[in-house]
Amino acid sequence: MNPADDLAKRSRTHGRSGNPAKASSPRAAAPAGAAGPATAADWISGARLRTLPLAIAPVALGTGAGVIAIAEGAWHPARALLALVVALALQIGVNYSNDYSDGVRGTDDHRVGPARLTASGAVNPRHVLVVALSFFALAALAGLALVVITQQWWLIAVGAAAIVAAWFYTGGKRPYGYAGLGELFVFIFFGLVATAGSAFVQALTVNFEAWLGGVGVGLLACAVLMANNLRDVEQDRVAGKRTLAVLIGPLAGRILFVLFALVPFGIAVFFALFYPTAWLVLFALLAAVPACIIVLTAKTPRELILALQLTSITALLYGVGLGLAFAL
């Protein structure tokens, strides 16, 4: 589910023909294991660390929103830390899960970026799956700790739904990421659920700031995924991966990216009417606007990689900035 799945996904072509349908895949070029054993750097790359701001942003914003909703006493830093562990572990878990699922499905045979752990044959697919499940287990343990601390046992169902959604983004027989639903689920889980959940474990209630702020960070997460899918639109079409960008076409996808990236700043302006320091969040436009220009004019995958990085930075600045504006 990544906006996740895909943040640093493809930066170079498999072959020189320029035709993704004819480009040679890592598995076609060499038998499994021919690429050599995976190094620590390969595993770190597989975690796709550049996606992590998308996990940090909703926790920071939701925690700030929760602080102002606490009726009595101070905020709970331990709960915020556990919520962050849940978000980060889910993000890394879904990244490895996507590596595994796309690799065994053959989708990554059409990649135009660095070879993934599974598709390259450098790692036994089962090992990638075990690592993915290990991070899901870590997220579950941190979430269970939050349940015990807050005594809100119904949160177990929310956590289970998040793990299921993470797996079925590209896993299972009918992954929803292959049916144009990736942005919807990213908006729900990396926007509303993560933000509202982080606020709830602080105050045991979810206020308006958390819900509306969750819309903002959720849209930015959608922007990251849309930019990535725009970059991969031709390769995904060949692979049969019907992302939203494939379904609506590149032009509509570029316009939708701009909406995803800029509407959150309208929300920030609204909050600034009540929380004056929220005006500082508008400095994140220094990253968001160039990202929009790049996406609208990009002609190469490398340009869209830069847009992905800028949008990820935007999300981090947005989430942390609004969270601080609420809490301070």
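Residues numbered from 1 in each chain as written. Predicted model: local features only at pLDDT ≥ 70, side-chain atom pairs only at ≥ 80, totals over all residues. Heavy atoms only, no water.

What follows deals with the overall build of the protein. Along its length, the protein carries 13 helices and zero strands. Taken from the N to the C terminus, the helices and strands of the protein come in the order α-α-α-α-α-α-α-α-α-α-α-α-α. Every one of the 328 residues in the protein was classed for burial, and the buried ones make up 52%. Counted over contacts in the protein with a minimum sequence separation of 6, partners at least 24 positions apart contribute 80%. Total accessible area computed for the protein in this model is approximately 13,700 Å², and 71% of it derives from carbon and sulfur atoms. (Helix = DSSP H or I, 4+ residues; strand = E, 2+ residues; numbered from the N terminus. Buried < 20%, exposed > 50% of the residue type's maximum accessible area, 1.4 Å probe, protein only. Contact = heavy atoms within 4.5 Å. Areas by Shrake-Rupley, 256 points an atom, 1.4 Å probe, with all protein chains shown as cover.)

A few words on helix α5 (residues 125-150). Taking 1.5 Å per residue, 26 residues should reach 38 Å; α5 reaches 38 Å between its end C-alpha atoms and fits that length. Of all the positions in α5, only Val 128, Leu 129, Ala 132, Phe 136, Ala 139, Ala 142, Leu 146, Val 147 and Thr 150 are classed as buried. Contact partners of the buried residues in α5: α2 (40-47), α4 (77-105), α6 (155-167) and α7 (182-203). The N-terminus of α5 is capped by Asn 124, whose side-chain oxygen sits 2.8 Å from the backbone nitrogen of Arg 126. One or two steps after α5, the chain reaches Gln 151, where phi turns positive at roughly 65 degrees. (Expected span 1.5 Å × (residues − 1). Polar contact = N/O pair within 3.5 Å; in protein donor to acceptor, adjacent residues only side chain to side chain.)

Another aspect to go through is the confidence of the model for the protein. Scored by pLDDT, the protein comes out at a mean of 87, with 86% of its residues at no less than 70. Within the model, the stretch residues 7-34 combines pLDDT values under 50 with 67 contacts to residues more than four positions away or in other chains. (pLDDT = per-residue confidence, 0-100.)

According to the stated counting rule, one finds 13 aromatic pairs in the structure shown. An angle of 55 degrees between the planes, with centres 5.9 Å apart, marks the rings of Trp 43 and Tyr 96 as tilted. Taken together, the positions of Trp 43 in helix α2 and Tyr 96 in helix α4 put the pair 53 residues apart, joining distant regions of the chain. Given the relative accessible area of 5%, Tyr 96 is considered buried. A ring pair is formed by Phe 270 and Phe 271, whose centres lie 5.9 Å apart and whose planes are at 55 degrees; its orientation type is tilted. By relative accessible area, which is 33% here, Phe 270 ends up partly exposed. Members of the aromatic cluster, joined through ring pairs, are Phe 208, Phe 270, Phe 271, Phe 274, Tyr 275 and Phe 326. (Phe/Tyr/Trp six-rings, centres within 6.5 Å; stacked < 30°, edge-to-face > 60°.)

Take the environment of Asp 236 next. With respect to the element layout, Asp 236 can be found in helix α9 (residues 233-239). For Asp 236, a relative accessible area of 0% corresponds to the buried category. Between the C-alpha atoms of Asp 236 and Val 246, which are 10 residues apart in sequence, the distance is 7.4 Å.

All right, on to helix α3 (residues 53-69) then. If you check α3, its first and last C-alpha atoms are 24 Å apart, about what 17 residues at 1.5 Å a residue would give, namely 24 Å. Burial analysis of α3 places 12 of its 17 residues in the buried class, which makes it a mostly covered element. Restricting attention to buried positions, one finds in α3 the residues Pro 53, Leu 54, Ala 55, Ala 57, Pro 58, Val 59, Leu 61, Gly 62, Thr 63, Gly 64, Ala 65 and Gly 66. Elements in contact with the buried residues of α3: α4, α7, α8 (208-231) and α13 (301-327).

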